[in-house]
There are 2 protein chains.
Amino acid sequence: MGVAFVAGQYVPISSASIPITDWGFLRSDATYDVVTVWDGAFFRMDAHLERFMRSCQRWRLDPGLTPAQIAEILSQCVRLSGLRSSYVEMICTRGQPPWGSRDPRLALNQFYAFAVPYVWIANEQQRGAGLHVMVSDVQRIPATSVDPSAKNYHWNDLTMGLLGALDAGADSVLLVDAAGNVVEGPGFNVFCVSHGVLVTPNAGMLEGVSRRTVIEMAQSLGLPLQLRDLPADELRAADEVFLSTSGGGVLPVTMVDQRAIGDGTVGAITRQLVQTYWAWHKNPAYSLAIDYAL
Amino acid sequence: MGVAFVAGQYVPISSASIPITDWGFLRSDATYDVVTVWDGAFFRMDAHLERFMRSCQRWRLDPGLTPAQIAEILSQCVRLSGLRSSYVEMICTRGQPPWGSRDPRLALNQFYAFAVPYVWIANEQQRGAGLHVMVSDVQRIPATSVDPSAKNYHWNDLTMGLLGALDAGADSVLLVDAAGNVVEGPGFNVFCVSHGVLVTPNAGMLEGVSRRTVIEMAQSLGLPLQLRDLPADELRAADEVFLSTSGGGVLPVTMVDQRAIGDGTVGAITRQLVQTYWAWHKNPAYSLAIDYAL
């Protein structure tokens, strides 16, 4: 099912663990990034490594490895797992200060990684028909408390919102900011198409690599694009809605808060972006093939 | 150094770990509580167990154990550790949904516990002279995002604030809400004495058991008390300031933002409360002796 890198060793994912005393767990004092492998090749490894190093710096965490060394560890996890499509996570935790100390600066930071089968945020049926997403009244943790541009595991708001949406029969959830603009969901950014213009939030959310890919695809395809606040009501009234995520690329949304988006089927621009997203996986600038023979 | 309860087994704390795939780590989807042991007896075990069960319910986590069963596991951790003074943590995590699912409702929740040597938030010198605390401009995660009354590991804001305070030469940090009221610090509530009245925030913070103990002591000692917003400027101008925490009880603060509080020494009311806090450990209503012989 997968292979992890823990304490300098490669181990089966089923036996991979972290010390219960690691502040990465006891204080969620950690950062991470996820890069995917599709058809035997990493997609946009450089962008993920660059963001991971930036996240580490933001939280004053030191993985003790160069990006090239991390890339080699991730490759080895995938190689040993034999997976041709994989969800590959790199993690840096605070570790633990000496007993008795509560000074994070005295902790030896830890690096972990694992490769598991590719994670889809939406199943095949949902990807075909489009997702039903609810807008939650749980507000995403604001940037004045936790910088959303540096990846972190502070997901309680996303998890509580997701539970509410699942209970109500929806597939997933979008959270709002204090002003009622949608910002992001559990593991994805959001876009809508209104009057032929692509709109995506530009504050209060993670700057997803998949979001960046959509922005670049829009530019390449000549689609007008606006990065700005996206009020929940504008989303509900949009012609098309989709999510961007490493867990499946471009995922169509055809219902928001139990009301159909457009005519309730996957829109033309969304379909074009889904197609382009997977086509770009063949672009050598974005693709890093794994040599499984080593 | 301590004993943990992991996957139904008692193990040395140094070998206690949680699966890397537990959402308690990967999404900080967990709750916890900490009860202390002093002089061979738990202090206010009932209050901590009651809050732990309430926190579990709030996050829809099920430890799969009754409070009495949890109490027995915690006692056994302490017993096996031999510690007469101990910091005892109980934890419930989401666990992991079946591979491929992202539905938290399908996960089998996990219970963990450990007993380690008593953790002091302030060392002996700091407890004698009083702590120097900085008011951070990092805002505590608001209740509109994460309910602060249910314990959680969302500490990035507290950790980043703490790092800033330590860098500036202070001992610890207090975070504010969006309106500039102080709310809490990493592991403690805050009180001040202004014109003979005890004041402590009543929103945006954890309802600490030590905070509750201070409130009860104030009532018992006939000290006037107000639970209300506490602007940072009022704290800075207070006659006395102290923290309440399971990591040391009542901890005097004699400097805030590099300015002395009162005459810069530990105040009379603070001293009275420190003394009463430890005296109350002998109260049989609050004390649960551990039979180490079993």
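Residues numbered from 1 in each chain as written. Chains lettered and ligands numbered in written order. Predicted model: local features only at pLDDT ≥ 70, side-chain atom pairs only at ≥ 80, totals over all residues. Heavy atoms only, no water.

Quick look at the overall build of chain A now. Broken down by element type, chain A carries eight helices and 17 strands. Against the 2.2 N^0.38 benchmark of 19 Å for 294 residues, chain A shows a C-alpha radius of gyration of 19 Å, consistent with a compact globule. Structurally, chain A occupies a C-alpha span of about 55 × 45 × 30 Å along its principal axes. Out of the 294 residues in chain A, the part that is buried amounts to 60%. Long-range contacts, defined here as pairs at least 24 residues apart, represent 70% of the contacts in chain A between residues at least 6 apart. By element, 52% of the accessible surface of chain A is carried by carbon and sulfur atoms, the whole surface being about 11,000 Å². Measuring between centres, the 21 positive side-chain charges of chain A sit 4 Å from its 28 negative side-chain charges. (Helix = DSSP H or I, 4+ residues; strand = E, 2+ residues; numbered from the N terminus. Rg over C-alpha atoms; globule rule 2.2 N^0.38 Å. Buried < 20%, exposed > 50% of the residue type's maximum accessible area, 1.4 Å probe, protein only. Contact = heavy atoms within 4.5 Å. Areas by Shrake-Rupley, 256 points an atom, 1.4 Å probe, with all protein chains shown as cover. Lys, Arg positive; Asp, Glu negative; His and termini not counted. Charge placed at Lys NZ, Arg CZ, Asp CG, Glu CD.)

Contact residues are listed per partner, giving 56 residues for chain B and 56 residues for chain A. Taken as a group, Ile20, Phe25 and Arg102 of chain B account for 15% of the area that chain B buries against chain A, more than any other trio of residues on that side. There are four salt bridges connecting chain B and chain A. Two residues, Asp167 of chain B and Arg105 of chain A, come together in a salt bridge whose shortest N-O distance is 3.1 Å. (Buried area = accessible area lost by both parts, 1.4 Å probe. Salt bridge = Lys/Arg side-chain N within 4 Å of Asp/Glu carboxyl O.)

With respect to the helices and strands, the residue Ser145 of chain B is situated in the loop between strand S8 (131–139) and helix H5 (156–167). In terms of polar contacts, Ser145 of chain B uses its side chain to reach the backbone carbonyl oxygen of Gln139 of chain A, at 2.7 Å. Looking at Ser145 of chain B, its side chain comes within polar contact range of the main-chain oxygen of Arg140 of chain A, at 3.3 Å. Beyond its immediate stretch of four places on either side in the chain, Ser145 of chain B contacts Val138, Gln139, Arg140, Ile141, Pro142, Asn156 and Asp157 of chain A. (Polar contact = N/O pair within 3.5 Å; in protein donor to acceptor, adjacent residues only side chain to side chain.)

This part is about the packing of aromatic side chains. Residues and elements named next belong to chain B. Enumeration over the complete set of coordinates arrives at 30 aromatic pairs over all chains. Residues Phe43 and Tyr277 carry aromatic rings whose centres are separated by 5.5 Å and whose planes lie at 70 degrees to one another, so their mutual orientation is edge-to-face. Here the residue Phe43 occupies a position in strand S5 (residues 41–43), and Tyr277 occupies one in helix H8 (residues 268–279), the gap between them amounting to 234 residues. Accessibility classification places Phe43 together with Tyr277 in one group, the buried group. (Phe/Tyr/Trp six-rings, centres within 6.5 Å; stacked < 30°, edge-to-face > 60°.)

This next bit is on the sheet that holds strand S7 (residues 110–117) of chain B. Residues and elements named next belong to chain B. Spatially, the seven strands line up as an open sheet ordered S2-S1-S7-S6-S4-S5-S17, and their pairing is antiparallel. Strand pairing shows two members of the sheet lacking a second neighbour, strand S2 (9–12) and strand S17 (287–289), which therefore form its edges. Each strand of the sheet is rotated relative to its neighbour by a mean of 25 degrees, with strand direction disregarded. As paired elements, S5 and S17 share three bridges and run antiparallel to each other. In the strand pairing of S17, Phe42 is matched with Leu288. Its contacts with the sheet place helix H3 (residues 67–81) against strand S1 (3–6), S2, strand S4 (30–38), S5, strand S6 (86–93) and S7, and it is angled at close to 35 degrees to S7. (Pairing = 2+ DSSP bridges. Axes fitted to C-alpha atoms, helices over the stretch in contact; angles between N-to-C directions.)

Accessible area lost upon the coming together of the parts serves often as the stated size of an interface. Residues and elements named next belong to chain A. Domain annotation for chain A reports domain 1 (3–117) and domain 2 (124–280). Computed from C-alpha atoms alone, the centre-to-centre distance between domain 1 and domain 2 is 26 Å. Between domain 1 and domain 2, the contact holds 21 residues from the first and 20 residues from the second. Across the domain 1/domain 2 interface, buried area totals approximately 1,800 Å², and carbon plus sulfur atoms make up 55% of it. When the buried area of domain 1 at its contact with domain 2 is split by residue, Tyr32, Arg44 and Arg51 rank highest and sum to 35% of it. Where domain 1 meets domain 2, there are three salt bridges. With its nearest N and O atoms 2.8 Å apart, the salt bridge here joins Arg58 to Asp147. There are eight residue pairs in polar contact (both at pLDDT 80 or more) connecting domain 1 and domain 2. Where the side of domain 1 that touches domain 2 is concerned, the elements lending two or more residues are strand S4 (30–38), helix H2 (45–58) and strand S6 (86–93). A breakdown of the residues in the side of domain 1 that touches domain 2 according to their chemical character gives eight nonpolar, five polar and eight charged. (Domains from an automatic or database assignment. Nonpolar A, V, L, I, M, F, W, Y, C, P; charged D, E, K, R; others polar.)

This part is about the relation of the copies chain B and chain A. Relative to chain A, chain B is turned by 180 degrees and slid 0.0 Å along the rotation axis, the superposed coordinates differing by an RMSD of 0.0 Å. When the rotation and shift are considered jointly, the pair of chain copies conforms to a two-fold rotation axis. Looking at chain B, 100% of its interface residues are interface residues in chain A too, so the copies touch through the same face. (Least-squares fit on C-alpha atoms with pLDDT ≥ 70 in both.)

Turning our attention to H8 of chain B. Residues and elements named next belong to chain B. In this model, H8 (12 residues) spans 17 Å end to end at C-alpha, consistent with the 16 Å of a helix rising 1.5 Å per residue. Among the residues of H8, Ile269, Thr270, Leu273, Thr276 and Tyr277 are the ones counted as buried. An end-on view of H8 places all buried positions within 130 degrees of arc, on one side of the element. Opposite the buried face of H8, by more than 90 degrees, sit the exposed residues Arg271 and Gln275. Buried residues in H8 make contact with S5, strand S11 (189–194), strand S12 (197–200), helix H6 (209–221), strand S14 (240–245) and strand S15 (249–256). (Expected span 1.5 Å × (residues − 1). Arc of directions from axis to C-beta.)

Right, let's get into the pairing of strand S9 (residues 172–176) of chain B. All names here are of chain B. Burial analysis of S9 places five of its five residues in the buried class, the great majority of the element. Burial along S9 is two-sided: the residues Ser172, Leu174 and Val176 and Val173 and Leu175 are all buried. When S8 meets S9, the two strands line up parallel, connected through four bridges. Paired with Gln139 across the strands is Val176, a residue of S9. Since S8 and S9 lie parallel, the crossover through H5 that links them has a hand, and here it is right-handed. (Right-handed = clockwise from strand over helix to strand, strands pointing away.)

Per-chain confidence: chain A averages 97 in pLDDT, with 100% of residues scoring 70 or above. Complex prediction metrics read pTM 0.97 and ipTM 0.97. (pLDDT = per-residue confidence, 0-100.)

With that out of the way, let us pick up the sheet that holds S6 of chain A. All names here are of chain A. Taken in spatial order, the seven strands make up an open sheet running S2-S1-S7-S6-S4-S5-S17, and their pairing is antiparallel. Two strands close off the open sheet at either side, each with one partner strand: strand S2 (9–12) and strand S17 (287–289). Each strand of the sheet is rotated relative to its neighbour by a mean of 25 degrees, with strand direction disregarded. Direction of pairing for S4 relative to S6: antiparallel, over a ladder of eight bridges. Bridging across to S6, Tyr32 finds its partner in Ile91.

Next up on the list: the packing of helix H2 (residues 45–58) of chain B against H3 of chain B. Residues and elements named next belong to chain B. Viewed as axis vectors pointing N to C, H2 and H3 meet at an angle of 120 degrees, and their least axial separation amounts to 10 Å. With respect to their mutual orientation, H2 and H3 come out oblique. The hand of the H2/H3 crossing is right-handed. Touching Met45, Leu49, Phe52 and Met53 of H2 are Pro67, Ile70, Ala71 and Leu74, all from H3. For the contact of H2 with H3, a count of residues per class yields eight nonpolar, no polar and no charged. (Parallel < 35°, antiparallel > 145°, perpendicular 65-115°, else oblique. Left-handed = near helix turned anticlockwise from the far one by under 90°.)

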